Amino acid sequence: MSAAETISPYDPRGSGRLLETVAAWLLAILWILPLAYAVWTAFHPPEYSARFELLAPLTLDNFARAWSAAPFARYFLNTVMLVTLVLACQLVLCTLAAYAFARYEFPGSSVAFALVLAQLMIMPDVLIVENYSTLNSLGLIDSIPAIALPYVASAFGIFLLRQTFKTVPRELDDAARVEGASAMQTLLKVYVPLGRPIYLAYGLVSVSYHWNNFLWPLIVTSSVESRPLTVGLQVFSSTDQGIDWSIICAATLMTSAPLLVGFLLFQRQFVQSFMRAGIR
Amino acid sequence: MHRTTAAIHGWLLLLPAMAILALFTHWPAFAAVLDSFFSTARPRRPRRFVGLGNYEQMLNDPVFWQAVSNNLWFAAWTIPASIALAMLMALWVNDRIAGRAFVRMAYFTPTVLPMIAVANIWLFFYTPQYGLLEQLLGLFGLPSHNWLGSKDTALAAITVVAIWKEAGFFMIFYLAALQQIPPNLSEAAALEGASRWTYFRRVQFPLLMPTTLFVLINAVINAFRMVDHIFVLTRGGPDNATTLLLFHIYQVGFSFWDTAYAATLTTVLLAVLALAALIQYGVLEKRIHYR
């Protein structure tokens, strides 16, 4: 975001600039409005949930009630375990596969690469029925690994890392080999460190994707012990609470809080990571 | 000998990822097609080959046709609207307007929130009488309306949520692409006396085409994949007015447990995605490069 700081002759001036600023702000306010509404409701007593008075008393009571009304602590733990498991497996599997595609010549590699890319279009998200029966026959239904497994070999990750590894100069690779490093050592000492920004970008995208994923976890989990936050929130807001909006808004904000706070604190990294992950 | 070892190493490195991919992507896609030719196994009635029987059932299933038309409508609005908005947002945020950081944050925030959570917020937003939308319309003296409960507006209501969720995500790709356009292009265009609109139409828009293709592919996939919010907002109702294909697959597979019919529907969805891939990579990619 530095090159663009030179002023373009097409940067709006005068009334054009005012108009553009107003329009951009109106859209921004419109975009943030549902969220602002939820924040208002969550931090005020229920009687103010649809009434806007400047001096309405603030309260954390809704959060306390939501927290004690459902096993959110357990759901948080499950989600943290889930995203950790998914990311750890993805990093290992994708790094190995990407290294093979980037630096090895072997028969069938282009066919294998095409088979990997097929997953970009046909994501596990749409294969719910068949994947359920596979995991059922493996006896893994209602467990955290069952949520993770279909996603751990990520075509997106393999593709991204392959592109990165291809930009590593061959000379660095050769130099490491001359010094007696094995293929694995070269990968860990040369390729992985050079790919750090991409790993960070991929990690952020993956964590936010799996923190937010809902349909597949809904299908394969049925108990508090394995349910992630998203499914827990849905169960909580659709059954446990009638239409107590204050408590639902509090629960909703609570489940999104870690990502939201992380995003607000590390906005630049988030935006750049998503960009980096998309451009290649 | 050396080439053989390289080949063995390559395949060994690839093996874990390929095994998982085969088990959870290639096999299920193949199994869906296979299962679509069999009946669902029931207690004391094992599955048997039924040929095109499931497809016949599908063609006579009014909910399937409703889901197809809903999904096409959903795609026809979410894809162009989210792309156009994303481009507009990026153009605005790329200019040096006041409070740019806040504006960019506001646009992007929906992207990092779970769809299931924002759906709760939107449910509250749409609530009759009580919700913010109703209150705003009330200020202008407009009558109360049950946005999610009425057949005429429910699909539009969930479409708006999808556009709201996606546009900010696509914006950052456009923003990245805009920032990579060399500044001397705008200087040259200004020297030639081109208007801002001409500069956008003749310089920026064509240079954004690769980004548009990338965003388009994502938007198409999302149009057939985004169903989380339906679970909260409408559960497919009223009267199937908001049932999308994947949601219908979920209902058939996990509410009625008719796995063979669900596999048939999955096959159709896979065919749609494959067709979209063919069109995009085959036709559009060529045109973008030759232009």
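About the thresholds
Residues numbered from 1 in each chain as written. Chains lettered and ligands numbered in written order. Predicted model: local features only at pLDDT ≥ 70, side-chain atom pairs only at ≥ 80, totals over all residues. Heavy atoms only, no water. Helix = DSSP H or I, 4+ residues; strand = E, 2+ residues; numbered from the N terminus. Buried < 20%, exposed > 50% of the residue type's maximum accessible area, 1.4 Å probe, protein only. Contact = heavy atoms within 4.5 Å. Areas by Shrake-Rupley, 256 points an atom, 1.4 Å probe, with all protein chains shown as cover. Lys, Arg positive; Asp, Glu negative; His and termini not counted. Charge placed at Lys NZ, Arg CZ, Asp CG, Glu CD. Phe/Tyr/Trp six-rings, centres within 6.5 Å; stacked < 30°, edge-to-face > 60°. Lys NZ or Arg CZ within 6 Å of the ring centre and 35° of its normal. Salt bridge = Lys/Arg side-chain N within 4 Å of Asp/Glu carboxyl O. Domains from an automatic or database assignment. Buried area = accessible area lost by both parts, 1.4 Å probe. Polar contact = N/O pair within 3.5 Å; in protein donor to acceptor, adjacent residues only side chain to side chain. Nonpolar A, V, L, I, M, F, W, Y, C, P; charged D, E, K, R; others polar.

1. Observations concerning the overall build of chain B
Looking only at helices and strands, chain B features 13 helices and zero strands. Start at the N end of chain B and walk to the C end: the helices and strands fall as α-α-α-α-α-α-α-α-α-α-α-α-α. Along the first, second and third principal axes, the C-alpha set of chain B runs to 80 × 80 × 30 Å. Relative to its full complement of 291 residues, chain B shows a buried share of 56%. Within chain B, counting contacts between residues at least 6 apart in sequence, those at least 24 apart form 68% of the total. Surface exposure of chain B reaches about 13300 Å², of which carbon and sulfur atoms provide 67%. Side-chain charges in chain B split into 19 positive and 13 negative, and the spacing between the mean points of these groups amounts to 6 Å.

2. Structural notes on the packing of aromatic side chains
Given two aromatic rings, their pairing is described by the distance between the two centres and the angle made by the two planes. Under the counting rule described, the total for this entry stands at 40 aromatic pairs over all chains. Taken together, a centroid distance of 5.7 Å and an interplanar angle of 90° make the contact between A:Y99 and A:Y104 edge-to-face. The class for A:Y99 is buried, based on a relative accessible area of 0%. Judged by its relative accessible area of 10%, A:Y104 is buried. Of the aromatic side chains, those joined through ring pairs into one cluster are A:Y132, A:F214, B:F231, B:F247, B:Y250, B:F254 and B:W257. Above the face of the A:F113 ring, A:R162 is positioned so that its terminal group lies 4.2 Å from the ring centre. Across the ring face of B:F38, the terminal group of B:R47 is positioned such that the distance to the ring centre comes to 4.1 Å.

3. Observations concerning the side chain of B:D228
Assignment of secondary structure puts B:D228 in helix α11 (residues 228–233). An unpaired buried charge is present at B:D228: no salt bridge exists, and B:R225, the closest side chain of opposite charge, is 8.0 Å distant. The contacts of B:D228, once residues within four sequence positions are left out, are A:N212, A:F214, A:L215, B:M115 and B:I116.

4. Brief notes about the domain arrangement of chain A
All names here are of chain A. Per the domain assignment, the segments making up chain A are domain 1 (11–63) and domain 2 (71–279). On the side of domain 2, seven residues touch domain 1, which itself brings ten residues to the contact. Of the roughly 720 Å² buried at the junction of domain 1 and domain 2 (both faces included), carbon and sulfur atoms supply 82%. Summed over the shared surface of domain 1 and domain 2, the number is zero salt bridges. Linking domain 1 with domain 2 are zero residue pairs in polar contact (both at pLDDT 80 or more). Elements with a contribution of two residues or more to the side of domain 1 that touches domain 2: α1 (14–42) and α2 (61–69). With five residues, α1 is the largest single contributor of residues to the side of domain 1 that touches domain 2. Per-class residue counts for the side of domain 1 that touches domain 2 are six nonpolar, four polar and no charged.

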